[in-house]
Amino acid sequence: MITMKDIVREGHPVLTQVAKEVKLPLKDDDKKTLEEMLQFLKNSQDEELSEKYELRAGVGLAAPQLGISKRMMAVHFQDFDENQYSYGLINPKIVSHSIAQTYLSSGEGCLSVDREVPGYVPRYHKITIKATNLEGNEVKLKLKGYAAIVFQHELDHLNGVMFYDRINKQDPFTIPENAKACDQ
Ligand SMILES: [Zn+2]
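Worth saying up front: this structure is predicted, and the values here are computed from it rather than measured. (Residues numbered from 1 in each chain as written. Predicted model: local features only at pLDDT ≥ 70, side-chain atom pairs only at ≥ 80, totals over all residues. Heavy atoms only, no water.)

Q: Honestly, the sheet that holds strand β5 (residues 123-124) in this entry has me stumped. Any pointers?
A: Paired through their backbone hydrogen bonds, the strands of a sheet run either parallel or antiparallel. Taken in spatial order, the three strands line up as β5-β4-β8 in an open sheet, and their pairing is mixed. Either end of the sheet is taken by a strand with one partner, and the two such strands are β5 and β8 (179-182). As judged from the two bridges shared by strand β4 (residues 101-104) and β5, these two strands associate in the antiparallel manner. Within β5, the residue paired with Thr102 across the bridge is Arg123. (Pairing = 2+ DSSP bridges. Helix = DSSP H or I, 4+ residues; strand = E, 2+ residues; numbered from the N terminus.)

If you want it as structure tokens, here you go:
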């Protein structure tokens, strides 16, 4: 199983690389990796397991965070309306997005970043994603608000972008253009 020691931290070059497309149909070892990524997120949100294995709670994980430069990501979370999102995705792509932006007023965090980085991270308020799921089927997901933010954070990892790269350097708390805060 994946634990915190498997997760590479900021400064590792793989986190700034553009990850490679995954060949389909999905090979057994890629599928296993992606399943383990999703399981890690579930374990990290489980009170007993997270304590036992010292897992930091996470809602998303991208393959480059394991040192694997491939376009695969997993998410497992509920949005503020308690809709459940639980996916392992291969070659995810944003096919359309809103002009309107959003941001988390508490800022973002990352399993690869062991410090708080204050500031607003501008994200599209709505996105539509196409990807292949663990069963090998093409999926199209329409996401908004918190869910859109989580997916964009993970998609960024596939393009070598860290959340703090998007924070305004001069004034980290500048409200992004056309943006409303995404709050609970
Ligand atoms: Zn991250």
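On we go from here.
Q: Even after reading the chapter, I still don't get the environment of Arg115, so can you show me in this structure?
A: Of note, Arg115 is situated in the loop between β4 and β5. Exposure remark for Arg115: the relative accessible area of 45% places this residue in the partly exposed category. The spatial distance from the C-alpha of Arg115 to the C-alpha of Ala19 is 24 Å, given a sequence separation of 96 residues. With residues up to four places along the chain from it excluded, the contact list for Arg115 reads Glu10 and Tyr164. In this structure the side chain of Arg115 is engaged in a polar contact, spanning 2.7 Å, whose partner is the side chain of Glu10. (Buried < 20%, exposed > 50% of the residue type's maximum accessible area, 1.4 Å probe, protein only. Contact = heavy atoms within 4.5 Å. Polar contact = N/O pair within 3.5 Å; in protein donor to acceptor, adjacent residues only side chain to side chain.)

Q: Would you mind going over the packing of aromatic side chains with me for this structure?
A: Centre-to-centre distance and the angle between the planes together describe a pair of aromatic rings. Here the structure, examined in full by the defined rule, presents eight aromatic pairs. With centroids separated by 5.0 Å and ring planes inclined at 15 degrees, the aromatic side chains of Phe77 and Tyr85 adopt a geometry described as stacked. What makes Tyr85 buried here is its relative accessible area of 14%. Note on Tyr103 and Tyr120: the rings are 4.4 Å apart at their centroids and 40 degrees apart in plane angle, and the pair reads as tilted. Taken together, the positions of Tyr103 in strand β4 and Tyr120 in the loop between β4 and β5 put the pair 17 residues apart, joining distant regions of the chain. Among the aromatic side chains, those forming a connected cluster through ring pairs are Phe77, Phe80, Tyr85, Tyr87, Tyr146 and Phe151. A cation sits over an aromatic face here: Arg115 above Tyr164, 5.2 Å from the ring centre. (Phe/Tyr/Trp six-rings, centres within 6.5 Å; stacked < 30°, edge-to-face > 60°. Lys NZ or Arg CZ within 6 Å of the ring centre and 35° of its normal.)

Q: Any chance you could explain helix α1 (residues 28-44) here in plain terms?
A: Two residues of an α-helix separated by three or four positions point the same way, owing to the 3.6 residues in each turn. Over its 17 residues, α1 runs 24 Å from end to end, which matches the ideal 24 Å to within 8%, given 1.5 Å per residue. Of the surrounding elements, those touching the buried residues of α1 are α2 (47-52), β1 (60-62), β2 (72-78) and β3 (84-97). (Expected span 1.5 Å × (residues − 1).)

Q: Sorry, what's going on with a positive patch on the surface here?
A: Among the surface-exposed residues, Lys93, Lys126, Lys130, Lys140, Lys142 and Lys144 lie close enough to one another that they form a single positively charged patch. No other element matches strand β7 (residues 138-144), which puts three residues into the positive patch. Looking at where Lys140 falls in the secondary structure, it is placed in strand β7. (Patch = residues over 30% accessible without salt bridge, like charges linked within 9 Å, V, L, I, M, F, W, Y side chains within 5 Å. Areas by Shrake-Rupley, 256 points an atom, 1.4 Å probe, with all protein chains shown as cover. Salt bridge = Lys/Arg side-chain N within 4 Å of Asp/Glu carboxyl O. Lys, Arg positive; Asp, Glu negative; His and termini not counted. Charge placed at Lys NZ, Arg CZ, Asp CG, Glu CD.)

Q: Please explain unusual backbone geometry as it appears in this structure.
A: Both trends apply: most residues other than glycine have a negative phi, and most peptide bonds are in trans. At the junction of Leu24 and Pro25, the peptide bond is cis and its omega measures out at 0 degrees in the coordinates. Here Pro25 is to be found in the segment before α1. Despite not being glycine, Glu54 has its phi angle at roughly 55 degrees, a positive value. Residue position: Glu54 is located in the loop between α2 and β1. Given the relative accessible area of 66%, Glu54 is considered exposed. In this structure, Asn178 takes a positive phi of about 55 degrees despite not being glycine. Along the polypeptide, Asn178 turns up in the loop between α3 (145-158) and β8.

None of the figures reported here should be taken as evidence of function without further support.
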